[in-house]
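Structural description and commentary
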Amino acid sequence: MEYNIAVIKGDGIGPEVVDAAIEVLNEIGKKYKHNFKYEEVLAGGVAYDVYNNPLPEETLEICRNSDAVILGAVGGPKWDDLPGDKRPEAALLGLRKGLGLYANLRPAILFEALSDACPLKPEIIGEGLDICVVRELTGGIYFGDRGYKETEMGMAAYDIMIYSKQEIERIAKVAFNMAQKRSKILTSVDKANILESSRLWRKTVEEVAKDYPDVTLNHMYVDNAAMQLVRYPQQFDVIVTENMFGDILSDEASMITGSIGMLPSASLGENNKGMYEPVHGSAPDIAGQGKANPIATIMSIAMMLKYSFNLSEESENIEFAVKKALDEGHRTLDIVSKGDNALGTKEMTQVILKNI
């Protein structure tokens, strides 16, 4: 099989971790006789430097015509003073909207070998964690009307959170389908005691639930969910929530696993076309030093193989290779234990390659 993949290496450590992931993907291609063709395009801060635009139209068009997109990371202090529409992060919103990527899947798995890296007590994490956050990606406050206006108390800024019933229905269906393949428990997170948009969210999720009688649906306010994630995380299996709540809760869930450098993500649209990226940021403080953890990006391409290309065996091979590397005691700087030597980006990648 041949697959066309758009590659956005981005800023900071983005190029380093994407290069590592492509090495692993090429090894999978050799083993299973697949041909992965790459077309590199610019987005984020580096695109602004070249085109004065964080998301050139050419980049978006090439991504639209690809089978999937691999993204490193964007952003950095170099571009912090730019207007909002010129900042590197605007490229993320533009890609999600332009590609119709409305469902963000963020698995948070605590590998047994990394249990010591978890900041929670052993009696809280038990035998480990496996949570998947399903985050709505193209609606809510990140895409609502925004602006400035004069008020009695001077200049004010506003951002409007808005959701349509159709937007809620489609993300709910993704979450229920995910729950059916796992433990059949779904927690919908909202703020229905305060927000009108959350009341519509809860009502619509309950309507969708009628088509999934085998899934147990729970509701939880977002503030309580944030507390419960660190109090008793085993109660969660699949969490579905709106854009901003999902942004925050998925980062919290990722830190429970020991390091944000371990967490992959998939952003999916219709027909499972998707963009795959690590949850972590561009980490400009270690960029170019060969210290970045490549595992989140490598696990992201495992998700790409599974969700966009329907190559489950190939995906599981990568997951096995990563788990074996960790079980053997190999660590990067962000997950290393006191007294151990940390591997660099390339060294950890080579270990994983040997396990394919």
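Read on for an overview of the structure.

1. Let's talk about the nonpolar core
Within the largest apolar cluster, 66 residues are counted, with the highest numbers of intra-cluster contacts made by Phe-176, Met-304, Phe-309, Ile-318 and Ile-352. Looking at this core element by element, the count peaks at eight residues for helix 10 (residues 295-307). Once residues within four sequence positions are removed from consideration, Ile-318 is found in contact with Val-24, Ile-28, Ile-298, Ile-301, Ala-302, Leu-305 and Ile-356.

2. What about the packing of aromatic side chains?
Summed over the entire model, instances satisfying the criterion amount to four aromatic pairs. Considering the side-chain rings of Tyr-3 and Phe-36, the 5.7 Å spacing of their centres and the 25° angle between planes classify their relative orientation as stacked. On the criterion of sequence distance, the pair formed by Tyr-3 in strand 1 (residues 2-10) and Phe-36 in strand 2 (residues 35-40) is long-range, its members being 33 residues apart. Residue Tyr-3 is classed as buried on the basis of its relative accessible area of 8%. Assessed through its relative accessible area of 7%, Phe-36 is described here as buried. For the pair Phe-176 and Tyr-212, a centre-to-centre distance of 4.8 Å together with 15° between the ring planes defines the contact as stacked. Highlighted residues: Phe-176 in helix 6 (residues 165-180) and Tyr-212 in the loop between helix 7 (196-209) and strand 9 (216-221), separated in sequence by 36 residues. In this structure an aromatic cluster arises from ring pairing among Tyr-3, Phe-36 and Phe-309. Geometry around Tyr-32 places Lys-31 over its ring, the cationic atom sitting 5.8 Å from the centre. Geometry around Phe-143 places Lys-97 over its ring, the cationic atom sitting 4.8 Å from the centre.

3. Examining the sheet that holds strand 2
In space, the 10 strands of this open sheet follow the order 2-1-3-12-11-4-5-10-8-9, with mixed pairing throughout. Unpaired on one side and paired on the other, strand 2 and strand 9 mark the two borders of the sheet. Recorded for the sheet is a direction-independent mean angle of 25° between the axes of neighbouring strands. Bridge count for strand 5 (residues 129-136) against strand 10 (residues 238-241) is four bridges, and the pairing is parallel. Pairing of Val-133 across the sheet is with Ile-239, part of strand 10. In the packing of helix 6 onto the sheet, contacts are made with strand 4 (103-110), strand 5, strand 8 (185-190), strand 9 and strand 10, and the angle to strand 5 comes to roughly 160°.

4. Concerning the pattern of salt bridges
Any two side chains of opposite charge can pair, on the condition that their charged atoms come close. For the structure shown, the criterion picks out 19 salt bridges. Here Glu-89 and Arg-87 are joined by a salt bridge, their closest N and O atoms 3.4 Å apart. Assessed through its relative accessible area of 32%, Glu-89 is described here as partly exposed. Judged by its relative accessible area of 23%, Arg-87 is partly exposed. A salt bridge links Asp-190 to Arg-202; its shortest N-O distance comes to 3.0 Å.

5. Examining the environment of Ala-21
Here Ala-21 lies in helix 1 (residues 14-32). Looking at Ala-21, the relative accessible area reads 0%, which means it is buried. Considered as a pair, Ala-21 and Cys-118 are 97 residues apart in the sequence and their alpha carbons are 25 Å apart. Once residues lying within four places of it in the same chain are set aside, the contact partners of Ala-21 are Thr-297, Ile-298 and Ile-301.

6. Quick look at helix 11 (residues 312-327)
Given 3.6 residues to a turn, an α-helix orients residues that are three or four positions apart in the same direction. The first and last C-alpha atoms of helix 11 sit 22 Å apart over 16 residues, in line with the 22 Å expected at 1.5 Å per residue. Residues Glu-314, Ser-315, Asn-317, Ile-318, Ala-321, Val-322, Ala-325 and Leu-326 constitute the buried set of helix 11. Following helix 11 by one or two positions, Gly-329 has its phi on the positive side, about 95°.

7. Brief notes about the environment of Pro-56
Secondary-structure assignment places Pro-56 in the loop between helix 2 (45-51) and helix 3 (57-64). Judged by relative accessible area, which is 8%, Pro-56 ranks as buried. Residues contacting Pro-56, with those up to four places away along its chain left out, are Leu-42, Ala-47 and Tyr-51.

Definitions and limits used
- Residues numbered from 1 in each chain as written.
- Predicted model: local features only at pLDDT ≥ 70, side-chain atom pairs only at ≥ 80, totals over all residues.
- Heavy atoms only, no water.
- Core = buried A, V, L, I, M, F, W, Y, C linked by side-chain atoms within 4.5 Å.
- Buried < 20%, exposed > 50% of the residue type's maximum accessible area, 1.4 Å probe, protein only.
- Helix = DSSP H or I, 4+ residues; strand = E, 2+ residues; numbered from the N terminus.
- Contact = heavy atoms within 4.5 Å.
- Phe/Tyr/Trp six-rings, centres within 6.5 Å; stacked < 30°, edge-to-face > 60°.
- Lys NZ or Arg CZ within 6 Å of the ring centre and 35° of its normal.
- Pairing = 2+ DSSP bridges.
- Axes fitted to C-alpha atoms, helices over the stretch in contact; angles between N-to-C directions.
- Salt bridge = Lys/Arg side-chain N within 4 Å of Asp/Glu carboxyl O.
- Expected span 1.5 Å × (residues − 1).

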